[in-house]
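Single-letter residue listing:
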Amino acid sequence: MNIASPATAARTPGALAPSPLPPLLGVVIVNYRGAADTIECLESLLRSALPMKIVVVENGSGDDSVDRFRAWAGGTLDAAPESTDMAAFSTPPVAKPVPLIELSETAVGSGGVVAPLTLIVSETNRGFAGGNNLGLRHLLRDGQLKHFWLLNNDTVVAPDAAISLLSRMMATPRVGMCGTVVRHYWTPDRIQALNGSSYNIFTGNGRSLGGGQSATIKYSPQDVADATDFVLGASIAVSRGFLSEVGLMEEDYFLYFEEIDWAVRNRKLGSHAYETAFAHGATVFHKAGRSIGSGSAQAKRSAFADYWLARSRLRFTWRHYRWLWPLHWLICWGQILRRLLRRQGSNARAILRATFGRPF
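Nothing here was measured: the structure is a model prediction, and the numbers come from that model.

## Focus: the overall build of the protein
Thinking step 1. Of regular secondary structure, the protein possesses 10 helices and 13 strands.
Thinking step 2. Since a compact globule built from 360 residues should have a radius of gyration of about 21 Å, the 20 Å found for the protein is in line with a globular shape.
Thinking step 3. If you line up the protein on its principal axes, its C-alpha atoms span 55 × 45 × 40 Å.
Thinking step 4. Each of the 360 residues in the protein was classed as buried or not, and the buried ones make up 53%.
Thinking step 5. For the protein, the exposed area adds up to about 15,100 Å²; of that, 56% sits on carbon and sulfur atoms.
Thinking step 6. One finds the centroid of the 37 positive side-chain charges in the protein at a distance of 7 Å from the centroid of its 29 negative side-chain charges.

What follows is the structure, encoded as structure tokens:
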């Protein structure tokens, strides 16, 4: 990736003046046992000048998440930022009460106007793709919404991120997917990814663009967009046309590889493929891997994360690069050996189960 201009820096936190525009952007946030994170994310989103329609999907947490969302919307529970550096993005609280419409998963797709803020309660954990698809199906009913932003619940957004994202997508001919600048929540001066990652089909490894570098790095936004094989799922936007032709996320993966699968399915459209854009003026801060133990360091990765990484990797390879599947099956065995050498027996067993297609 060519490093040229401009420099990317966070905007000053705080609420912005409201826009006279009608809602043009739909947002989906999937919650799984992370109500505190989700509330912090919502508080940051509601500071945007851009009118949005937001859907929170409560993804079968089996805890008190629904009650906590009701309390937050009613003004009896405030966001509790875990970092003083990030507090200005979500405090003081926005005016309450915030109107909150609740729907069951079976009610999605029924008649009625799509409300500015909707809570969809799923009785089961549908995984990353299933939860996001539930929210997208609801938002797609509003014909005025042409672009949709999928945000991890453990993110905090800069107040001008939404309008910068929408502006970039509206300015890009035949836009399909678009990402943002994603920084680390705990070390906000460091980049997690610029837009997304490159992907090596032989090793199955993705490399975050700009990952670990200073937030003041200079780069060419177009070079970043061109180098993006897939947009980071923590902050990924798609257009209505893309969803119409490429389809929703593939729910077969449950976790991991949904974004690269989406990107490959788009590329298979050939000359009709949609463009990948990069909203370099939009900044998102990400806590990363809170609910599933998917830290970037392999030594810290949970057995649950290892299982789904291996299973989804094999499924993705079989679906799109079948001739490479034997290589990736052998790579999984190499991972099993490494986990055993680290005395991570539960992780090794999890990957072994994935290689034979057995449940976790």
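## Things to note about a nonpolar patch on the surface
Thinking step 1. On the surface, F202, W323 and L327 cluster together to form a nonpolar patch covering roughly 340 Å² of accessible area.
Thinking step 2. Tracing the sequence through the fold places W323 in the loop between α8 (303–320) and α9 (325–341).
Thinking step 3. Owing to a relative accessible area of 58%, W323 belongs among the exposed residues under this scheme.

## Quick notes on empty space enclosed by the protein
Thinking step 1. The final tally for this structure, using the stated rule, is one cavity of 30 Å³ or more.
Thinking step 2. Taken as a whole, the largest cavity encloses approximately 30 Å³ of empty space.
Thinking step 3. What lines the largest cavity is L42, V56, F69, W72, L100, L117 and L119.
Thinking step 4. For the lining of the largest cavity, the secondary structure elements donating two or more residues are α2 (65–74) and β4 (117–122).
Thinking step 5. Residues belonging to the lining of the largest cavity are distributed by class as follows: seven nonpolar, no polar and no charged.

## Overview of the pairing of strand β12 (residues 235–239)
Thinking step 1. By the criterion of burial, β12 is predominantly enclosed, with five of the five residues buried.
Thinking step 2. Both strand β5 (residues 147–152) and β12 contribute to a ladder of five bridges, which runs antiparallel. Note that in β12 the partner of L150 across the bridge is I236.
Thinking step 3. As paired elements, strand β7 (residues 175–184) and β12 share three bridges and run antiparallel to each other. Paired with C178 across the bridge in β12 is A237.

## A word on the nonpolar core
Thinking step 1. Counting residues in hydrophobic clusters, the biggest one holds 50 residues, and the most contacted among them are M177, F242, W262 and F316.
Thinking step 2. No other element matches α8, which puts seven residues into this core.
Thinking step 3. Contact partners of M177, with chain neighbours within four places excluded, come to V231, I236, A237, V238, F242, E259, W262, A263, E275, T276 and A277.
Thinking step 4. Among the nonpolar cores identified, the runner-up in size contains 44 residues, and F69, A79, V98 and L165 belong to it.

## Focus: the confidence of the model for the protein
Thinking step 1. Averaged over the protein, the pLDDT score is 92; the fraction of residues at 70 or greater is 91%.
Thinking step 2. This stretch, residues 1–16, has a pLDDT under 50; its non-local contacts, to residues over four places away or in other chains, come to 54 contacts.

## With respect to unusual backbone geometry
Thinking step 1. Residue P92 is reached from T91 by a cis peptide bond, and omega for that bond is -5°.
Thinking step 2. Looking at the secondary structure, you find P92 in the loop between α2 and β3 (101–104).
Thinking step 3. Even without a glycine there, the phi angle at F254 is positive, about 70°.
Thinking step 4. The topology assignment puts F254 in the loop between α6 (240–246) and α7 (258–267).
Thinking step 5. Residue F254 is classed as buried on the basis of its relative accessible area, which comes to 18%.
Thinking step 6. Notably, F257 is not glycine yet its phi reads approximately 70°, a positive angle.
Thinking step 7. Considering the arrangement of structural elements, one finds F257 in the loop between α6 and α7.
Thinking step 8. The exposure class of F257 is buried, given its relative accessible area of 11%.

## Observations regarding the sheet that holds strand β10 (residues 206–208)
Thinking step 1. If you trace the three strands from one edge of the open sheet to the other, you get β10-β9-β11, paired in antiparallel fashion. Two strands in the sheet have a free side with no partner beyond their single neighbour: β10 and β11 (230–231).
Thinking step 2. Both strand β9 (residues 196–199) and β10 contribute to a ladder of three bridges, which runs antiparallel. When the bridges of β10 are listed, S198 appears paired with R207.

## Brief notes about the packing of α8 against α9
Thinking step 1. Interaxial distance between α8 and α9 falls to 9 Å at its minimum, and their mutual angle equals 165°. Overall, the two elements α8 and α9 adopt an arrangement that is roughly antiparallel. In the packing of α8 onto α9, the handedness of the crossing is right-handed. Of α9, the residues touching α8 (which contributes D306, A310, R313, L314, T317 and W318) are W325, H328, W329, I331, C332, Q335 and R339.
Thinking step 2. Along the lines of polarity and charge, the residues of the contact of α8 with α9 split into seven nonpolar, three polar and three charged.

Cut-offs used in this document
Residues numbered from 1 in each chain as written. Predicted model: local features only at pLDDT ≥ 70, side-chain atom pairs only at ≥ 80, totals over all residues. Heavy atoms only, no water. Helix = DSSP H or I, 4+ residues; strand = E, 2+ residues; numbered from the N terminus. Rg over C-alpha atoms; globule rule 2.2 N^0.38 Å. Buried < 20%, exposed > 50% of the residue type's maximum accessible area, 1.4 Å probe, protein only. Areas by Shrake-Rupley, 256 points an atom, 1.4 Å probe, with all protein chains shown as cover. Lys, Arg positive; Asp, Glu negative; His and termini not counted. Charge placed at Lys NZ, Arg CZ, Asp CG, Glu CD. Patch = residues over 30% accessible without salt bridge, like charges linked within 9 Å, V, L, I, M, F, W, Y side chains within 5 Å. Salt bridge = Lys/Arg side-chain N within 4 Å of Asp/Glu carboxyl O. 1 Å grid on protein atoms, 1.4 Å probe; cavity = no way out; pocket = protein on both sides within 12 Å on 5 of 7 lines; lining within 4 Å. Points joined across faces, edges and corners; volume = space filled by probe spheres on them. Nonpolar A, V, L, I, M, F, W, Y, C, P; charged D, E, K, R; others polar. Pairing = 2+ DSSP bridges. Core = buried A, V, L, I, M, F, W, Y, C linked by side-chain atoms within 4.5 Å. Contact = heavy atoms within 4.5 Å. pLDDT = per-residue confidence, 0-100. Axes fitted to C-alpha atoms, helices over the stretch in contact; angles between N-to-C directions. Parallel < 35°, antiparallel > 145°, perpendicular 65-115°, else oblique. Left-handed = near helix turned anticlockwise from the far one by under 90°.

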